[in-house]
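# Chain and residue survey
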Number of protein chains: 2
Amino acid sequence: EQTRLGMGFRPNGCLASPQETLMGKYGDNSKLIYELQDQGGELLALRYDLTVPFARCLAMNKITNIKRYHIAKVYRRDNPATTRGRYREFYQCDFDIAGQFDSMIPDAECLKIVHEILSDLQLGDFLIKVNDRRILNGVFAVCGVPESKFITTCSTVDKLDKMPWDDVRSEMVGEKGLSPEAADCIGEYVQLHGGLDLIEQLLQDPKLSQNKLAKEGLGDMKLLFEYLTLFGITGKISFDLSLARGLDYYTGVIFEAVLLQQENDHVEESVSVGSVAGGGRYDGLVGMFDPKGRKVPCVGVSIGIERIFSIMEQRVKASGEKVRTTETQVLVATPQKHLLGARLKLISELWDAGIKAEMLYKKDPKLLKQLQYCEDTGIPLVAIIGEQELTDGVVKLRVVTTREEVNIPREKLADEIRRRLEPCSLSVQSCLTL
Amino acid sequence: EQTRLGMGFRPNGCLASPQETLMGKYGDNSKLIYELQDQGGELLALRYDLTVPFARCLAMNKITNIKRYHIAKVYRRDNPATTRGRYREFYQCDFDIAGQFDSMIPDAECLKIVHEILSDLQLGDFLIKVNDRRILNGVFAVCGVPESKFITTCSTVDKLDKMPWDDVRSEMVGEKGLSPEAADCIGEYVQLHGGLDLIEQLLQDPKLSQNKLAKEGLGDMKLLFEYLTLFGITGKISFDLSLARGLDYYTGVIFEAVLLQQENDHVEESVSVGSVAGGGRYDGLVGMFDPKGRKVPCVGVSIGIERIFSIMEQRVKASGEKVRTTETQVLVATPQKHLLGARLKLISELWDAGIKAEMLYKKDPKLLKQLQYCEDTGIPLVAIIGEQELTDGVVKLRVVTTREEVNIPREKLADEIRRRLEPCSLSVQSCLTL
């Protein structure tokens, strides 16, 4: 349990704290403090991801049909490795589609969204690996792995992105107790990757094509690739049989997005992140929480926003450019003393007009200090109001970068600020065609 | 520990769950599940509010200067009363200004923000009560309450909004052991409320004006009202000596916003909420968490968004109008079978153009079903693509409410949807003046 500052986050403190931290702060209300050790003897644990609580929540609330995103903290009793963007308390960003639908349509949408996010964030080249648990299980079956060992074998295959095949093989034979033949057979399959061509090839595979599960999986995989072709994103999608995902609850398609190039200049600082997004289909999870076992098929994706932020922070650090932490459009400033009242009145007018305005919380700040604050924080405009401006009924609007100054009639100030700052964006056309 | 659906929230599941809920879902990763009972024997508790964790976080990160808002869940081991908008797990929305600044400037900004929020939400008439802990303590002192009983007396005064003075008085004399004279003396003061006039009156008060703390508090209160006058919001602010706030950590100005009228038609359903926002100055809290006891003065406000949502849900229920849960601008629909591909291609084009588009996750949905879906969910437009439209290179755009239909050249569809939906808002002027 630890706090941290991440790009774009404000320091907001931890969710759980030592009890004594909260004691003696709430007067008579202290009895309402929610201690975790003893909730009527219940053993509680913090969520590990957003998927299981989501599934449980659908079951509890009898929701059979929903599409939603969720950005929130999850907790791992892990050794933090901040340089690799790993924390004990960190944000995840999930997107899930729950409901009984026609095959692979929501699944394709999830991949489209991952593709869109990673493209828009310009994180460099990336690859989305796709596989299907049914295909993996089919492979295990035709390789003679007993069904009881499917899940644990899966966890081992999952390590292929971190260790070479030989080590994975020896873990299979050693720890997991598979026969060397089974391991070698698996090895032949899990080292394959490609696209529609590979799917077709495996559909013709004498062994695999005989396995019901594998055939189902391959059929859906083919369908998925057709949809992804229509979405125009197959260029960055790879059907990769080594992808296993370490979680038990997946039942169908699984996927994982990895960044392909890191900035290898200044090795010292460079953030080594592997997977930045992952997910898949979990059709059985909701049923596990429903008293009557009613199933709600789900497919979802989790975006590793903390890792993505680590990379972006890295980029920014390298580029040396400053990141603004506020959207403040204008600083209300005064050039002489005894004008706090004037500042308060003007900023209030700007706030009421919907302008994002700030002022220094000092009675008589020096003008230089006020201008310096804009330089430091990246506020683009300064609205200066002094004796002269007050008598003339104007405000001196100063552009911080160019230092250009122009007097604006006070009643026109808000519009002028907007005119100078608001990117007219796409709604320009709509405006102009009015 | 319980989930609920609130207006505008998606069902996202709880943060903490029984351990068994999480078991057998994460394969080899299960060892990372963060159990709460035994973190090295640490006794953990969930945050009661956002203020204490924020203060702790400033101390831990040595932050001496920040302004931030935070919307997150807090936890109370309370008996839920959903009709009154009280839950064990609920959202709070806090805004705080931390740092050493000139007197009452940030404090006034907090009240301005509360005033703005409650006005914009149109929750009906409201009143913001303001008081100062130093004034209250001054009152206690001049009434002969021993300093050791200030905090507990404060908690009792705080109950004045729920029980009549006589009951509060007897709790003071009975449970809290104040002398009847002290209680009566307090009674004379805490039943006073007004504006600048009352402040002036108390500054002349023979007893109170002799008390250093009270004088400080009254001086700042006068300053505050001057600033609030410049903000033009004194109309809804009342200096009310009965306001105490039950929390220990306040050191200066305190405030609380209450709604004045409830909908008393259909008593059955009407939500009775009292306070919808509250806050104050807490200059000592950060120091309590700093190893060296370094102080960071803070003032902040907490908006009771759940209570506010209860009222809004109530209003909506009463009005009978439907609330949209999505911002979807257009549904991509097909009139004949075997056009799933066409839908996927078109929706992908719209997504890439930044349009919020949906489609039914079915291979061959009936057109009627697709139109019905728009009626149910409030999607304003339908982009219909059939054989004819495909050959003509157009899309039939249908307005759900008017049923008007018009063919749009496919490449112009995104702009047309935007033109019809995007409120040109204030940026119109800026556009037109380009």
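Within each chain, residues carry numbers counting from 1 in the order of the written sequence. Whichever chain is written first is A, and whichever ligand is written first is 1; the rest continue in order. Given that the model is predicted, a residue must reach a pLDDT of at least 70 before its local features are reported, and side-chain atom pairs must reach 80 or more before they are shown or counted; all residues, however, enter totals for whole chains, interfaces and linings. The side-chain quantities take in all heavy atoms of the structure and omit both hydrogens and water.

### A few points about the side chain of Q329 of chain B
Convention followed: Note on conventions: DSSP H or I runs of at least 4 residues are helices, E runs of at least 2 residues are strands, and numbering of each starts at the N terminus. The buried label applies to any residue whose accessible area, calculated with a 1.4 Å probe on protein chains only, is under 20% of its type's maximum; exposed applies above 50%, and partly exposed to all values in between.
Tracing the backbone through its elements, the reader meets Q329 of chain B in the loop between helix 11 (305–319) and strand 12 (330–333). Q329 of chain B sits in the buried class, given a relative accessible area of 13%.

### Comments concerning the sheet that holds strand 15 (residues 394–399) of chain A
Residue and element names in this part refer to chain A. To keep things clear, this is the line we draw: Here a strand pair is declared whenever DSSP counts at least two bridges between the two strands.
Strand order in the open sheet formed by 5 strands is 13-12-14-15-16, with mixed pairing between adjacent strands. Edge strands, defined here as strands with exactly one partner in the open sheet, are strand 13 (357–358) and strand 16 (405–409). Here strand 12 (residues 330–333) runs beside strand 14 (residues 381–384); their pairing, made up of 4 bridges, is parallel. Following the sheet pairing, V330 is matched in strand 14 by L381.

### Considerations on the UniProt feature "binding site: L-histidine" (unreviewed entry) in chain A
Residues and elements named next belong to chain A. This is how the line gets drawn: UniProt positions are given in the numbering used here, feature names are shortened, and annotations may be inferred rather than shown by experiment.
If you check UniProt for "binding site: L-histidine" (unreviewed entry), the listed places come out as D49, L50, T51, R76, Q92, D96, R245, Y249 and Y250 in our numbering. Residue position: R76 is located in the loop between strand 4 (66–75) and strand 5 (89–98). Among the residues examined, R76 registers a relative accessible area of 14% and is labelled buried. Within the fold, Y250 resides in the loop between strand 8 (237–240) and strand 9 (253–259).

### Observations concerning helix 5 (residues 150–157) of chain B
Residue and element names in this part refer to chain B. Condition: Here a residue-residue contact requires only that any non-hydrogen atoms of the pair lie within 4.5 Å.
With respect to burial, helix 5 is a largely interior element, 6 of its 8 residues being buried. Every buried residue of helix 5 is listed here: F150, T153, C154, S155, T156 and V157. Looking at the packing, one finds that the buried side of helix 5 touches helix 4 (133–142), helix 6 (165–173) and helix 7 (180–190).

### As for the sheet that holds strand 15 (residues 394–399) of chain B
Backbone-to-backbone hydrogen bonds join strands into a sheet, with any given pair of strands oriented parallel or antiparallel. Residue and element names in this part refer to chain B. For the record, the criterion: Under this scheme, a helix contributes an axis fitted over its contacting stretch, all axes are lines through C-alpha atoms, and angles between N-to-C directions fall in the 0 to 180 degree range.
Strand order in the open sheet formed by 5 strands is 13-12-14-15-16, with mixed pairing between adjacent strands. Two strands bound the open sheet, and with one partner strand each, they are strand 13 (357–358) and strand 16 (405–409). Packing of helix 15 (residues 413–421) onto the sheet brings it into contact with strand 12, strand 14 (381–384), strand 15 and strand 16, and relative to strand 15 it is tilted by some 15°.

### Regarding the packing of helix 3 (residues 105–120) of chain A against helix 9 (residues 212–230) of chain A
Residue and element names in this part refer to chain A. Filter applied, for reference: Note that the term roughly parallel is reserved for angles under 35 degrees, roughly antiparallel for angles over 145, roughly perpendicular for angles of 65 to 115, and oblique for everything else. In this scheme the crossing of two helices becomes right-handed for a clockwise turn of the near helix relative to the far one and left-handed for an anticlockwise turn of less than a right angle.
Following both chains from N to C, one finds helix 3 and helix 9 inclined at 50°, their axes separated by 9 Å at the closest point. In terms of their interaxial angle, helix 3 and helix 9 are classed as oblique. Where helix 3 crosses over helix 9, the two elements pack in a sense that is right-handed. Taken together, the residues of helix 9 that come into contact with helix 3 (itself represented by I105, D107, A108 and L111) are L224, Y227 and L228.

### Describing the pairing of strand 10 (residues 275–281) of chain B
All names here are of chain B. Of all 7 residues in strand 10, 6 are buried; the element is thus mostly enclosed. Bridge analysis of strand 10 against strand 11 (residues 298–303) gives 5 bridges, and the strand direction is antiparallel. The partner of G279 across the bridge, within strand 11, is V301.

### Some words on the environment of L121 of chain A
All names here are of chain A. By the element assignment, L121 lies in the loop between helix 3 and strand 6 (126–132). Relative accessible area serves as the criterion here: at 32%, L121 is assigned to the partly exposed category. Other than its neighbours up to four places away in sequence, L121 contacts I308 and M312.

### Focus: helix 4 (residues 133–142) of chain A
Residues and elements named next belong to chain A. To keep it simple, the criterion reads: Counted as a polar contact is a pair of N or O atoms within 3.5 Å, where, for protein atoms, one must be capable of donating a hydrogen and the other of accepting one, and residues adjacent in sequence contribute only when both atoms are in side chains.
Taking burial as the measure, the 10 residues of helix 4 include 8 buried ones, the bulk of the element. All of the buried residues in helix 4 are R133, R134, I135, L136, N137, G138, V139 and F140. Tucked into the core, helix 4 has its buried residues touching strand 6, helix 5 (150–157), helix 7 (180–190), helix 9, strand 8 and strand 9. With a side-chain oxygen positioned 2.7 Å from the backbone nitrogen of R134, the residue opening helix 4 is D132. Of the residues trailing helix 4, G144 is marked for its positive phi of about 80°.

### Remarks on the packing of helix 6 of chain B against helix 7 of chain B
When two helices pack together, their arrangement is given by the angle between their axes and by how far apart the axes lie. Residue and element names in this part refer to chain B. Between helix 6 and helix 7, whose axes approach to 9 Å, the crossing angle comes to 145°. When you trace helix 6 past helix 7, the crossing you get is right-handed. Taken together, the residues of helix 7 that come into contact with helix 6 (itself represented by W165, R169, M172 and V173) are P180, A183, D184, I186, G187 and V190.

### Details of the nonpolar core
Rules: Here, nonpolar core means buried Ala, Val, Leu, Ile, Met, Phe, Trp, Tyr and Cys residues that are tied together by side-chain atoms lying within 4.5 Å of each other.
If you look at the biggest cluster of nonpolar residues, it comprises 108 residues, and the most contacted ones within it are I128, V130, I186, L224 and F239 of chain A together with L350 and L413 of chain B. Discounting chain neighbours no more than four positions away, the residues touching L350 of chain B are V330, V332, I355, A357, L413, A414 and I417 of chain B. Within the second largest apolar cluster, 90 residues are counted, among which are L339 of chain A together with V145, W165 and A277 of chain B.

### Side note on the confidence of the model for chain A
Residues and elements named next belong to chain A. Put simply, the rule reads: Scored from 0 to 100, pLDDT records how confident the predictor is in each individual residue.
For chain A, per-residue confidence averages 86 on the pLDDT scale, and 82% of positions sit at 70 or higher. Throughout residues 1–11 the model reports pLDDT below 50, and contacts reaching past four residues in sequence, or to other chains, amount to 39 contacts. Contacts of residues 424–434 to residues separated by more than four positions or lying in other chains number 22 contacts, the stretch itself having pLDDT below 50.

### Some thoughts on the pairing of strand 16 of chain A
Residues and elements named next belong to chain A. With 5 bridges joining them, strand 15 and strand 16 adopt antiparallel strand pairing. Its bridge partner being in strand 16, K396 is matched across the sheet by N407. Hairpin connection between strand 15 and strand 16: a loop of 5 residues separates the two successive antiparallel strands, and R403 in this loop has a positive phi of roughly 65°.

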